[in-house]
Amino acid sequence: MTVDAANNRRDVPPPIDLAGHFRDLGRMLLPALVIGALIGGTVFAYLSTQVDKQYSASVVTQVTTQGEIVAGDAFVEQLRAPFQELAVDDGVLSQVLTQVDTGWDTSTLRDHVTLTPGSAPSLLTFGATADDPRTAQQVARAMVAAVAQANEANAARDVSRRVDQIDASIAFEQARNGRLAAGSDARTQSDARLSELRAQRDQVAGAGGDQLTVLSVPVASSSPVSPKPMSTALVAGVIGVIVAAELLVLARGRLGRRNNRIWARRMANKYGARQLVVGGESFDASKLLYGELAHRHRRGRSAVILTGESTEVVDVVIPGGTTEDWSQRVERGALSDDWWRDVDLGDLVVAVVVISTRGHDRAATADSLSQLADLGTTRYLVVQNRRGGRIRRGKKESPRDE
């Protein structure tokens, strides 16, 4: 393998090992659960003791219009728009505050009232929240009354403006009619025009705007609508567990000097090695090396075992019946030494790097795995877990770098 080829391979990021990552999260589950419980408990205590409780009340109203209700979103929005605008108008909100003693200003009141569409196009629901149910009921009732009154005042003003416009047209036509000759066609047309204007004036003067009718009395909630300490604390706790587990895995895999399985899995994935986790006080690589070397038909193929701090590897014992001295083809070296000076790299086909969870040789392990990845040899990273456990074989990753 040329240097350029090796560099190109190492520039490609390694594949994501989701299964291994979830196993790492499982190892950090217990401390993450403790952290999540503390976060959830803190949120629950804070919301229960420090945040004011809010109660709600609602009033269902109906918009009564003189015209026919037309199906369609455009008409419905046009029907509701005046009332929605009045519900946030400063004048209407100021009128509500004069009727209910809340100690709020208009901006605060605006945050405590809502106007939402009902189940039918003509229905509107006024909602209000306050520190106690009675105040919420009073605010909702006063809000409906203020909006209805403001809507009637706006409608009356619009009717008065239109009547004044028609009166001006009638006065102009009357003055013109007086100058026309009696019995003339122009006089007849002017008389018809005056009759039409007077009928239009009567129709406009008798018409009113849309009316707001109350369909239900204010209904207040018996329990607070906010905050929700239990549900909020559960959500915060779950998020805390997830975030804490991810951060703990990140810290275990990247921070510190002591070897651990999370860091070892990341190194194995990074440098394309197979990871083995073994228990016991010593590791026997005989079966592993025999399986790797037995299918090599060419003579002279060799292997190397590189050991780290606090590791113990027994001598390689080859199964009986073989005609070759396999033990002479397995070399030994230490991660802390310049092992590459004593190993025939041209004949090297498999390398076994053995580290211990008691060791503190992360840098030497990473350097050796990087060198072996550049050589393109088969790589194993064996983690001796002194707390015991059976061998677990990880999947083989392609020799790529992050």
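Residues numbered from 1 in each chain as written. Predicted model: local features only at pLDDT ≥ 70, side-chain atom pairs only at ≥ 80, totals over all residues. Heavy atoms only, no water.

J.: Mind showing me how you'd approach the pairing of strand E2 (residues 113-117) here?
T.: Successive residues of a regular strand alternate their side chains across the two faces of the sheet. Of the strand pairs in this sheet, E2 and strand E3 (residues 123-130) are connected by five bridges, and their pairing is antiparallel. From the neighbouring strand, Thr116 faces E3, where its bridge partner is Thr125. In sequence, E2 turns back onto E3 through a hairpin of five residues. (Pairing = 2+ DSSP bridges. Helix = DSSP H or I, 4+ residues; strand = E, 2+ residues; numbered from the N terminus.)

J.: Honestly, the packing of helix H5 (residues 90-99) against helix H7 (residues 133-178) in this entry has me stumped. Any pointers?
T.: Two quantities define a packed helix pair, namely the angle between the helix axes and the distance between the axes. Interaxial distance between H5 and H7 falls to 9 Å at its minimum, and their mutual angle equals 135 degrees. Between H5 and H7, the angle falls in the class oblique. Relative to H7, H5 is oriented so that their crossing is right-handed. For the pair formed by H5 and H7, the contact residues are Val92, Leu93, Gln95, Val96 and Gln99 on the first element and Val139, Ala142, Met143, Ala146, Val147, Gln149 and Ala150 on the second. Class assignment for the residues of the contact of H5 with H7 results in nine nonpolar, three polar and no charged. (Axes fitted to C-alpha atoms, helices over the stretch in contact; angles between N-to-C directions. Parallel < 35°, antiparallel > 145°, perpendicular 65-115°, else oblique. Left-handed = near helix turned anticlockwise from the far one by under 90°. Contact = heavy atoms within 4.5 Å. Nonpolar A, V, L, I, M, F, W, Y, C, P; charged D, E, K, R; others polar.)

J.: Is there a simple way to explain the packing of helix H3 (residues 29-49) against helix H9 (residues 229-254) in this structure?
T.: Between H3 and H9, the shortest axis-to-axis distance is 7 Å and the interhelical angle comes to 150 degrees. Regarding the angle of H3 to H9, the classification is roughly antiparallel. In the crossing of H3 with H9, the sense of the turn from one axis to the other is right-handed. Residue-level inspection shows Pro31, Ala32, Leu33, Ile35, Gly36, Ile39, Gly40, Val43, Phe44, Leu47 and Ser48 of H3 in contact with H9, the latter providing Pro229, Met230, Thr232, Ala233, Ala236, Gly237, Gly240, Val241, Ala244, Ala245 and Leu248. Class assignment of the residues belonging to the contact of H3 with H9 gives a composition of 16 nonpolar, six polar and no charged.

J.: Please explain the packing of aromatic side chains as it appears in this structure.
T.: Each aromatic ring pair is described using two quantities: the centre-to-centre distance and the angle formed by the ring planes. According to the stated counting rule, one finds one aromatic pair in the structure shown. Their ring planes at 85 degrees and their centres at 5.9 Å tell us that Trp339 and Trp340 sit as a pair that is edge-to-face. For Trp339, a relative accessible area of 4% puts it in the buried group. You can call Trp340 partly exposed: its relative accessible area is 33%. (Phe/Tyr/Trp six-rings, centres within 6.5 Å; stacked < 30°, edge-to-face > 60°. Buried < 20%, exposed > 50% of the residue type's maximum accessible area, 1.4 Å probe, protein only.)

J.: Would you explain the environment of His112 in this entry?
T.: Relative to the assigned elements, His112 resides in helix H6 (residues 106-112). His112 has contacts with Gln54, Trp104, Gly127, Ala128 and Thr129, leaving out every residue within four places of it along the chain. Among the polar contacts listed, one links the side chain of His112 to the backbone oxygen of Thr108, at a separation of 2.8 Å. (Polar contact = N/O pair within 3.5 Å; in protein donor to acceptor, adjacent residues only side chain to side chain.)

J.: Explain the nonpolar core here, please?
T.: When a protein is soluble and globular, its nonpolar side chains tend to lie buried together. Grouped together as the largest cluster of nonpolar side chains are 30 residues, with contacts concentrated most on Met143, Val147 and Leu212. Elements represented by at least two residues in this core include exactly strand E1 (55-64), helix H4 (73-86), H5, E2, E3 and H7. The leading source of residues in this core is H7, at ten residues. (Core = buried A, V, L, I, M, F, W, Y, C linked by side-chain atoms within 4.5 Å.)

J.: Even after reading the chapter, I still don't get unusual backbone geometry, so can you show me in this structure?
T.: A negative phi angle characterises most non-glycine residues, just as the trans form characterises most peptide bonds. Here the residue pair Ser226 and Pro227 is connected by a cis peptide bond, since its omega of -5 degrees sits within 30 degrees of zero. Looking at the secondary structure, you find Pro227 in the loop between strand E5 (219-220) and H9. In the Ramachandran plot, Ser310 falls in the positive-phi region, its phi being about 60 degrees despite a non-glycine side chain. If you trace the backbone, Ser310 turns up in the loop between strand E7 (302-307) and strand E8 (330-334). On the basis of relative accessible area, Ser310 is assigned to the partly exposed category, the value being 40%.

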